[in-house]
Amino acid sequence: MTKIINIKGNVVDNETALFYRFFGMACVSPRDIQNQLQQGDPQEDVEVDIASNGGDVFVASEIYTMLKSYEGNVHVVIQGLAASAASVIAMAGQQVSISPTAQMMIHKCSIDPGQSNADELRAAADVNDGIDQSIANAYELKTGMNQADLLQLMSNTTWLTAQSAVDKGFADEILFVQDKELSATNSISDIPSKKAINKFLNLLNTAKRVDMDMGSDGNDDNADNNLLPAVNPLYPEGTEIKVLADHMPGMQGANGVVTHAYISNVYIIDYDPTDGSPEVKGHRWVTEDEIQNADSDSGGQETNATQENKKTDKSELKNMLALLF
């Protein structure tokens, strides 16, 4: 069997991922990758599917290091766009395959110096140079190209077609060479500033509608997830569910139990895989549309309280966004 890991959406740190998921935006964080790598056999092959605009370069370095350190074989598949930091993650594969309709984009990093004087700007430029060299190190290990040439490609903001990526050593093969299908392209997007994320976290921590009580044993079971408990979730803890997601082999169609329900419709579940594998404990980041009541073919019905909660959430989004930005 093969573990499937998705690098979809922006590459962000664990705290910023909380912001993204609250608003239903696609992202990937180091915790996501760590949790998926720890599932099942630690030597099981991994396929990393990439379609991402990139993001935080230090987060990409962390994910790259996790994948390079993994005991099993890592096969990277570039499905759409592997841009910026996502291209660094792609370099972790022992084998890198790219769709004929996909592209890679490499460029130099950028930072927001804010209100800086001349000395601070010069120092920021030195920091950028060091980060660029670190990025080029990953490219150099994969391609064997000279680092000076790689830095020039980055300076030029180079877009690589599938054939160019293979020719230069960024990828090993082109998938589906007989296929003629076209695919949609991705757009480059911005990541919210750390200042905005801090405001968001403060808003969550002070929100009166979130129940922050600990369990009867006095332990905070949610600290590890940086998520807050949901109020009147559609699937409360202890609910018997059927899994619709296919994050892992044997997951889709499996029966399980919700162990934690968090804001942003995120659940943690225990389930029995359909392929006969041992029970999976604490599978994270299952969303509300990926599970249903075990005794229902069409999914559970929302309670009046849940429906009212969602109405309240929607009415608060504009106010929250105005405060953040």
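Here's what I pulled together on the structure shown here. Quantities reported herein were computed from a predicted structural model and do not represent experimental measurements.

**Quick word on the overall build of the protein chain**
Phase 1: Within the protein chain, the secondary structure is distributed over 9 helices and 14 strands.
Phase 2: Counting across all 325 residues of the protein chain, residues that qualify as buried make up 44%.
Phase 3: Within the protein chain, contacts between residues at least 6 apart in sequence are counted, and of these 64% link residues at least 24 apart.

**So, the sheet that holds strand β12 (residues 266-272)**
Sheets are built from strands paired through backbone hydrogen bonds, the pairs being either parallel or antiparallel.
Phase 1: Strand order in the open sheet formed by 5 strands is β13-β12-β11-β10-β14, and the pairing between neighbours is antiparallel. Looking at strand neighbours, the two that pair on one side only are β13 (280-287) and β14 (291-293), the edges of this open sheet. The average angle at which neighbouring strand axes cross in this sheet is 45°, direction not considered.
Phase 2: Relative to β13, β12 runs antiparallel, the two being bridged by 4 bridges.

**Let's talk about the packing of aromatic side chains**
Phase 1: In this structure the tally under the stated criterion is 5 aromatic pairs.
Phase 2: When the ring of F19 is compared with that of Y20, the centres are 6.1 Å apart and the planes differ by 70°; the resulting orientation is edge-to-face. This pair shows no difference in class: F19 is buried, exactly as Y20 is.
Phase 3: Ring centres of Y139 and F170 lie 5.5 Å apart, and the angle between their planes is 70°; on these two criteria the pair is classed as edge-to-face. In this pair, Y139 is assigned in helix α5 (residues 118-143) and F170 in the loop between α7 (162-168) and β9 (173-174), connecting sequence segments 31 residues apart.
Phase 4: Here F170 falls in the buried class, since its relative accessible area comes to 0%.
Phase 5: Members of the aromatic cluster, joined through ring pairs, are F19, Y20, F22 and F23.

**What about the environment of M251?**
Phase 1: Within the element layout of this structure, M251 appears in the loop between β10 (240-243) and β11 (255-262).
Phase 2: The buried category is assigned to M251, whose relative accessible area is 0%.
Phase 3: Separated by 20 residues in the primary sequence, M251 and Y271 place their C-alpha atoms 7.8 Å from one another.
Phase 4: Leave out the neighbours within four places in its chain, and M251 touches V243, A245, I269, Y271, H283 and V286.

**Describing the layout of surface pockets**
Phase 1: Each pocket or cavity is described by its volume, and for the second largest pocket that value is around 810 Å³.
Phase 2: The biggest single contributor to the lining of the second largest pocket is β13, with 4 residues.
Phase 3: The residue inventory of the lining of the second largest pocket, partitioned by class, reads 9 nonpolar, 10 polar and 8 charged.

**Here we look at the side chain of S52**
Phase 1: With respect to the secondary-structure elements, S52 resides in strand β4 (residues 45-52).
Phase 2: S52 gets classed as buried once you look at its relative accessible area, which sits at 1%.
Phase 3: Here G54 takes part through its backbone nitrogen, which lies 3.0 Å from a polar atom of the side chain of S52.
Phase 4: Setting aside residues no more than four positions away along its own chain, S52 makes contact with I7, G9, N10, V11, L81, A82, A83 and A86.

**Some remarks on the side chain of S84**
Phase 1: Tracing the backbone through its elements, the reader meets S84 in the loop between β5 (74-83) and α4 (85-90).
Phase 2: Looking at S84, its side chain comes within polar contact range of the side chain of H107, at 2.8 Å.

**What about unusual backbone geometry?**
Phase 1: Residue S84 is not a glycine yet carries a positive backbone phi of 55°.
Phase 2: In the Ramachandran plot, T157 falls in the positive-phi region, its phi being about 50° despite a non-glycine side chain.
Phase 3: Look at T157 and you get partly exposed, because its relative accessible area is 37%.

**Some thoughts on the packing of helix α3 (residues 57-69) against α5**
Phase 1: Running from amino to carboxyl end, α3 crosses α5 at an angle of 30°, the nearest separation of the two axes being 11 Å. In terms of crossing hand, the pair formed by α3 and α5 is left-handed. Seen from α3, the contacting residues are V57, F58 and Y64; seen from α5, they are I131, I135, A138 and L141.
Phase 2: Here the contact of α3 with α5 is composed, by residue class, of 7 nonpolar, no polar and no charged.

**Remarks on the packing of helix α2 (residues 30-38) against α3**
Phase 1: Taken N-terminus to C-terminus, the directions of α2 and α3 make an angle of 10°; their axes are 9 Å apart at the nearest point. Classified by the angle their axes make, α2 and α3 are roughly parallel. Contact residues: P30, I33, Q34 and L37 in α2; V59, E62, I63, M66 and L67 in α3.
Phase 2: By residue class, the composition of the contact of α2 with α3 is 7 nonpolar, 1 polar and 1 charged.

Thresholds applied
- Residues numbered from 1 in each chain as written.
- Predicted model: local features only at pLDDT ≥ 70, side-chain atom pairs only at ≥ 80, totals over all residues.
- Heavy atoms only, no water.
- Helix = DSSP H or I, 4+ residues; strand = E, 2+ residues; numbered from the N terminus.
- Buried < 20%, exposed > 50% of the residue type's maximum accessible area, 1.4 Å probe, protein only.
- Contact = heavy atoms within 4.5 Å.
- Pairing = 2+ DSSP bridges.
- Axes fitted to C-alpha atoms, helices over the stretch in contact; angles between N-to-C directions.
- Phe/Tyr/Trp six-rings, centres within 6.5 Å; stacked < 30°, edge-to-face > 60°.
- 1 Å grid on protein atoms, 1.4 Å probe; cavity = no way out; pocket = protein on both sides within 12 Å on 5 of 7 lines; lining within 4 Å.
- Points joined across faces, edges and corners; volume = space filled by probe spheres on them.
- Nonpolar A, V, L, I, M, F, W, Y, C, P; charged D, E, K, R; others polar.
- Polar contact = N/O pair within 3.5 Å; in protein donor to acceptor, adjacent residues only side chain to side chain.
- Left-handed = near helix turned anticlockwise from the far one by under 90°.
- Parallel < 35°, antiparallel > 145°, perpendicular 65-115°, else oblique.

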